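Observations on chain architecture
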Amino acid sequence: MAFQESTVPDVYQANFEPTAYLDYFKLGQNPLSDEFLHFLLKHYNATFKSAGGLKGKLLIDIGSGPTIYQLLSACESFEEIIATDYTDKNRLELEKWLKKMPGAFDWSPVVKYVCELEGNRDKWTEKEERLRRTVRQVLKCDILKERPLEPAVLPPADCLISSLCLEAACPTLGACRAALRHLRTLLRPRGHLVLSGGFETTFYMVGDKRFSALPLEEKFLLEALQETGFTIEKLEKAQRPAEGSDDRSDYTGMFFLVARRRD
Ligand code: SAH
C-alpha cells in the first residue's frame, strides 16, 4: 500500500538515533553482536582483499546508517566510495567521523580488527585516513524510490554494498523485490552487489525504540535476486549462536552474499 510505504522512511527520519544504534558496534559488550560484526568483517575482507577480490572505480554503499565498518576492506580496492542514507542524522553522524569532528564515534577497535584480518594491525591509522579520503560524498537515498539517489546523478557503479538495510527499509516482500530492481539501476552491467543482513528478523531495538523488520528467508532472497536480474556468485551464512543472549533483535541467522548484475 502506498500509505505504508511512504510512512516507513519517515519512521526512520523521526526515530532512528544514530548514537544509540552505534552501541551495536562497541566490541566487547555483547558476544552476539560481536559475532555478527566479526562474521560481516571476515566476509568483506574475503570479498575485497583476497586474491581475485572485487575492485574498481566507484562503489556505492546503500543505507550506510552511521556506520563505516562495511567499507573498511573495500576502501583498499575501490577508488571512490559514496555513502548514502535516508536520514539526516545518520548522514551527519557519518560526516562527523569523516571530518574528525568532536564527538565522532570511535571506530578504532573495529578498524584494528580489520587490519589484523588483513595481516597489518599496525596500519590502522593509515586505513582510517584512506577510508576518509576514499569516501567522496554522503548522499540522501531512498531505496523505495525508483531512482534511489535522485536528484544526484552518478555514473553507474562498479559495485554496491548494502548491509542490514533491505530488511529495515522494506515493509513488504514486494517492496523488497522492487528495491532490488531500483538498486540494479545504479550498477553497471556485470557490476557486483554485496548484500548482507539477518535472516527472519521481525524487529530490532535502537536504544529504547523498536523498529520492525521484514523477515527475510534464504529462498526468497535468492529468488528475488534472480528475478530482478542478478546472478548469485557467493552465499555465506551462519546461524545465530545458541549460547549468549541479546534481546535487542530476533534474527535467526546472518547472511553475506555477492551477486552480479546479469546485463
Ligand atoms: N548499513 C548500516 C545501517 C543499517 S540500519 C549497517 O550495516 O549497520 C538500517 C538503515 O536503513 C538505517 O540507517 C536507515 O536510515 C536506513 N533506511 C531506512 N529506510 C530507508 C530507505 N527507504 N532508503 C534507504 N535507507 C533507508
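Note that the structure is predicted; figures quoted are calculated from it, not measured. (Residues numbered from 1 in each chain as written. Predicted model: local features only at pLDDT ≥ 70, side-chain atom pairs only at ≥ 80, totals over all residues. Heavy atoms only, no water.)

Some points on the pattern of salt bridges
Evaluation of the coordinates by the stated rule reveals 22 salt bridges. A salt bridge links Glu-17 to Lys-89; the shortest N-O distance between them is 2.9 Å. Of the two residues, Glu-17 sits in the loop between helix H1 (2-15) and helix H2 (18-21) while Lys-89 sits in helix H4 (residues 88-98), which places them 72 residues apart along the sequence. On the accessibility criterion, Glu-17 (32% relative accessible area) is partly exposed. Ionic pairing is found between Asp-246 and Arg-248, a salt bridge with its closest N-O pair at 2.8 Å. When its relative accessible area of 9% is taken as the criterion, Asp-246 is described as buried. Looking at Arg-248, the relative accessible area reads 22%, which means it is partly exposed. Linked by salt bridges that have partners in common, Lys-57, Glu-79, Glu-80 and Arg-136 make up one network. (Salt bridge = Lys/Arg side-chain N within 4 Å of Asp/Glu carboxyl O. Helix = DSSP H or I, 4+ residues; strand = E, 2+ residues; numbered from the N terminus. Buried < 20%, exposed > 50% of the residue type's maximum accessible area, 1.4 Å probe, protein only.)

Focus on the packing of aromatic side chains
Taken as a whole and assessed by the stated rule, the structure comprises 17 aromatic pairs. Taking 5.1 Å as the distance between ring centres and 45 degrees as the angle between the ring planes, the aromatic pair formed by Phe-16 and Tyr-21 counts as tilted. Per residue, the accessibility class of Phe-16 equals that of Tyr-21, and both read buried. Its guanidinium or amino end placed over the ring of Tyr-86, Lys-140 lies 4.1 Å from that ring's centre, counting from NZ or CZ. In this structure, Arg-240 is placed above the aromatic ring of Tyr-251, and the distance from its NZ or CZ to the ring centre is 4.5 Å. (Phe/Tyr/Trp six-rings, centres within 6.5 Å; stacked < 30°, edge-to-face > 60°. Lys NZ or Arg CZ within 6 Å of the ring centre and 35° of its normal.)

Some remarks on helix H3 (residues 31-49)
Over its 19 residues, H3 extends 26 Å from the first C-alpha to the last, a length consistent with the 27 Å expected when each residue adds 1.5 Å. Two or three places before Leu-32, at the start of H3, stands the capping residue Asn-30, its side-chain oxygen 2.7 Å from that residue's backbone nitrogen. (Expected span 1.5 Å × (residues − 1). Polar contact = N/O pair within 3.5 Å; in protein donor to acceptor, adjacent residues only side chain to side chain.)

Details of the nonpolar core
Buried together is how nonpolar side chains tend to be arranged in soluble globular proteins. Within the largest apolar cluster, 54 residues are counted, with the highest numbers of intra-cluster contacts made by Phe-48, Trp-107 and Tyr-204. If you tally residues by element for this core, the top one is H3, at eight residues. Leave out the neighbours within four places in its chain, and Tyr-204 touches Tyr-12, Phe-16, Tyr-21, Tyr-24, Ala-168, Lys-209, Arg-210, Phe-211, Ala-213, Arg-248 and Ser-249. Counting 35 residues, the second-largest nonpolar core is a separate cluster that includes Ile-143, Leu-144, Cys-170 and Leu-216. (Core = buried A, V, L, I, M, F, W, Y, C linked by side-chain atoms within 4.5 Å. Contact = heavy atoms within 4.5 Å.)

A few points about the packing of helix H5 (residues 108-117) against helix H6 (residues 124-134)
Where H5 meets H6, the axes come as close as 9 Å, and the angle between the chain directions of the two elements is 105 degrees. With respect to H6, the axis of H5 lies roughly perpendicular. Contacts from Ser-108, Val-111, Lys-112, Val-114 and Cys-115 in H5 reach Trp-124, Lys-127 and Glu-128 in H6. When its residues are assigned to classes, the contact of H5 with H6 shows four nonpolar, one polar and three charged. (Axes fitted to C-alpha atoms, helices over the stretch in contact; angles between N-to-C directions. Parallel < 35°, antiparallel > 145°, perpendicular 65-115°, else oblique. Nonpolar A, V, L, I, M, F, W, Y, C, P; charged D, E, K, R; others polar.)

Notes on the sheet that holds strand E3 (residues 135-140)
With mixed pairing, the seven strands of this open sheet are ordered in space as E3-E2-E1-E4-E5-E9-E8. Edge strands, defined here as strands with exactly one partner in the open sheet, are E3 and strand E8 (230-239). The mean inter-strand angle of the sheet, taken between neighbouring strand axes irrespective of direction, is 15 degrees. Relative to strand E5 (residues 187-199), strand E4 (residues 157-163) runs parallel, the two being bridged by six bridges. Across the sheet, Ile-161 pairs through a bridge with Val-194, a residue of E5. Seen against the sheet, H3 touches strand E1 (56-61), strand E2 (78-85), E4, E5, E8 and strand E9 (253-261) and runs at an angle of roughly 25 degrees to E9. Sitting on the sheet, H6 touches E2 and E3, and the angle it makes with E3 is about 55 degrees. (Pairing = 2+ DSSP bridges.)

A look at the site of the ligand
Lining the immediate surroundings of the ligand are 21 residues, of which Tyr-21, Gly-63, Tyr-69, Asp-85 and Ser-163 lie closest. In this structure, Gly-63 approaches the ligand through a main-chain N or O atom, which is 2.7 Å from a nitrogen atom. In the model, a nitrogen atom of the ligand is placed 3.0 Å from a nitrogen or oxygen of the Ile-143 main chain. The protein chains hide 100% of the 570 Å² of surface that the ligand would expose on its own. (Near = heavy atom within 4 Å. Areas by Shrake-Rupley, 256 points an atom, 1.4 Å probe, with all protein chains shown as cover.)

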